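# Close look at the chain arrangement
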Amino acid sequence: MKSRTTLFVVSALLFILTACSSPVAQSTDTTVLRLAHNMNQSHPIHQSLTHFAEVAEEKSNGSLVFEFYPNEQLGSEREVIELTQTGAVDVTKVSATALESFSPVYALFSVPYLFEDQDHYYEVMESEIATDIYDSTSENGFFGLTFYDAGVRNMYTVNQPIKEPEDLAGLKIRVQPSETAIQMTRLMGGAPTPMGFGEVYTALQQGVIDGTENNETALISTNHGEVAKEYSYTEHAIVPDLLIFSKNRWDSFTEEEQQILREAAIESSQFHKELWAEEINHSIEAAKELGVTFHEDVNKDAFRELVEPMHEQVRNNPDLTPYYDRIQKMSGGSD
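In this text, all values refer to a predicted model and were calculated from it rather than measured experimentally. (Residues numbered from 1 in each chain as written. Predicted model: local features only at pLDDT ≥ 70, side-chain atom pairs only at ≥ 80, totals over all residues. Heavy atoms only, no water.)

When helices and strands are counted, the chain shows 14 helices and 11 strands. Against the compact-globule benchmark of 20 Å for 335 residues, the chain has a radius of gyration of 20 Å, which places it among compact chains. On the principal axes, the C-alpha backbone points of the chain span a range of 65 × 40 × 40 Å. Considering only intrachain contacts with a sequence separation of at least 6, the fraction spanning at least 24 residues in the chain is 75%. Surface accessibility of the chain: about 14,900 Å² in total, with carbon and sulfur atoms responsible for 48%. Charge centroids of the chain, computed over 22 positive and 53 negative side chains, lie 5 Å from each other. (Helix = DSSP H or I, 4+ residues; strand = E, 2+ residues; numbered from the N terminus. Rg over C-alpha atoms; globule rule 2.2 N^0.38 Å. Contact = heavy atoms within 4.5 Å. Areas by Shrake-Rupley, 256 points an atom, 1.4 Å probe, with all protein chains shown as cover. Lys, Arg positive; Asp, Glu negative; His and termini not counted. Charge placed at Lys NZ, Arg CZ, Asp CG, Glu CD.)

Set out below in structure tokens:
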């Protein structure tokens, strides 16, 4: 595994060095930052990251420019996080789930029903709580700069709506390769089946899995709505995408440049909110045309009760409790 990782890093570095041999990269008047992510160029995330780059370039009078590497050109989320640690990549967008193995604090975002609702989620993500979590990996070579809405995660299956926990009994549900997601699905009553996102369509089509969980855009962007016809609003998790920055690269900037990048990041996050809402609405309408039925009459209280052991684990973890308590107090809840 170590040799594979080493080979990948070397290959990625050679790719980057080749790309950076362009005239703009050699200019003494500009600083070129390498930005990698795993989405295609039509995805709202790419559009929002482009907005981030454009704002930064404009505010810096053209001295800060970005080179983009979308579509996993430089590897998976984990591989690009490692490249960001070394400084081979300057900036990347990753799911908070992918950061769990780098800082246990990020596992908080995968705890089901952590947020009371979407308003509570936004309030937390735009507060000092989120900033403190972002800074938890600074000693690991990177830190978070802002968040991008990645939607509310719900269960969807080939042919059976999920309204009560017993509806999940015996169903094989694809989950992200995350211990938190595995535990959650098991407690909710399903049989968790970890697999890569790119394998889900075929697995649904061939009956390898009975369903999966994600936001509504997955029904259209990856054609899941062609084979999964029952979408149930369990609303069990809100996991953000995060913009992370190489710490070494960040420390090389002046305070003015850092401020420009922070402002550009926040502006792009707000820009993404509106873009994402439009994408969700479009995806729902397009999925209905494919024959997908959306179910809102879900017994969420029953699911919340089943995953309570995960909240108890967090409350008993001294590394996570301070963040968890602050998040719960912000909602006005006592859970």
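Attention now goes to the domain arrangement of the chain. The domain boundaries assigned to the chain delineate domain 1 (2–149 + 239–281) and domain 2 (153–238 + 283–333). Here domain 1 and domain 2 have C-alpha centroids that lie 25 Å from each other. Every contact between the two is made by 32 residues of domain 1 and, on the other side, 32 residues of domain 2. Between domain 1 and domain 2, roughly 2,900 Å² of surface is buried when both sides are summed, and carbon and sulfur atoms account for 66% of that area. The interface formed by domain 1 and domain 2 includes one salt bridge. A salt bridge links R326 to D132, with the shortest nitrogen-to-oxygen separation between them at 3.0 Å. Where domain 1 packs against domain 2, one counts 15 residue pairs in polar contact (both at pLDDT 80 or more). Looking at the side of domain 1 that touches domain 2, its residues break down into 18 nonpolar, seven polar and seven charged. (Domains from an automatic or database assignment. Buried area = accessible area lost by both parts, 1.4 Å probe. Salt bridge = Lys/Arg side-chain N within 4 Å of Asp/Glu carboxyl O. Polar contact = N/O pair within 3.5 Å; in protein donor to acceptor, adjacent residues only side chain to side chain. Nonpolar A, V, L, I, M, F, W, Y, C, P; charged D, E, K, R; others polar.)

Taking 1.5 Å as the rise per residue, helix α11 (residues 255–289) with 35 residues should run 51 Å; its terminal C-alpha atoms sit 51 Å apart, in good agreement. Two residues or fewer past α11, G291 is found with a positive phi of approximately 95 degrees. (Expected span 1.5 Å × (residues − 1).)

Further remarks concern the sheet that holds strand β5 (residues 153–157). Overall, mixed pairing links the six strands, which are arranged β7-β6-β8-β5-β9-β11 in an open sheet. Pairing within the sheet leaves two strands with one partner each, and these edge strands are β7 (191–194) and β11 (293–295). Within this sheet the neighbouring strands show an average axis-to-axis angle of 35 degrees, counted without direction. As judged from the four bridges shared by strand β6 (residues 172–175) and β7, these two strands associate in the parallel manner. Its bridge partner lying in β7, R174 is registered against T193. In this fold helix α7 (residues 179–188) packs onto β5, β6, β7 and β9 (230–237), with an angle of close to 155 degrees to the strand it touches most, β7. (Pairing = 2+ DSSP bridges. Axes fitted to C-alpha atoms, helices over the stretch in contact; angles between N-to-C directions.)

Let us now look at empty space enclosed by the protein. Over the atoms, a rolled probe matching the size of one water molecule traces out where space is still vacant. In total, this model carries two cavities of 30 Å³ or more according to the counting rule given. Of the voids in this model, the largest cavity is the one considered here, and its volume is about 70 Å³. What lines the largest cavity is simply T97, S110, R153, Q176, S178, A181, M184, E213, H236, A237 and V239. Elements that contribute at least two residues to the lining of the largest cavity include exactly α7 and β9. A breakdown of the residues in the lining of the largest cavity according to their chemical character gives four nonpolar, five polar and two charged. (1 Å grid on protein atoms, 1.4 Å probe; cavity = no way out; pocket = protein on both sides within 12 Å on 5 of 7 lines; lining within 4 Å. Points joined across faces, edges and corners; volume = space filled by probe spheres on them.)

This brings us to the environment of M39. Examined against the element boundaries, M39 turns out to sit in the loop between β1 (31–36) and α3 (44–59). For M39, a relative accessible area of 22% gives the class partly exposed. As for M39 and P70, which are separated by 31 residues in sequence, their C-alpha atoms are 5.9 Å apart. In this structure M39 touches I45, P70, N71 and K93, once residues within four positions along its chain are discounted. (Buried < 20%, exposed > 50% of the residue type's maximum accessible area, 1.4 Å probe, protein only.)

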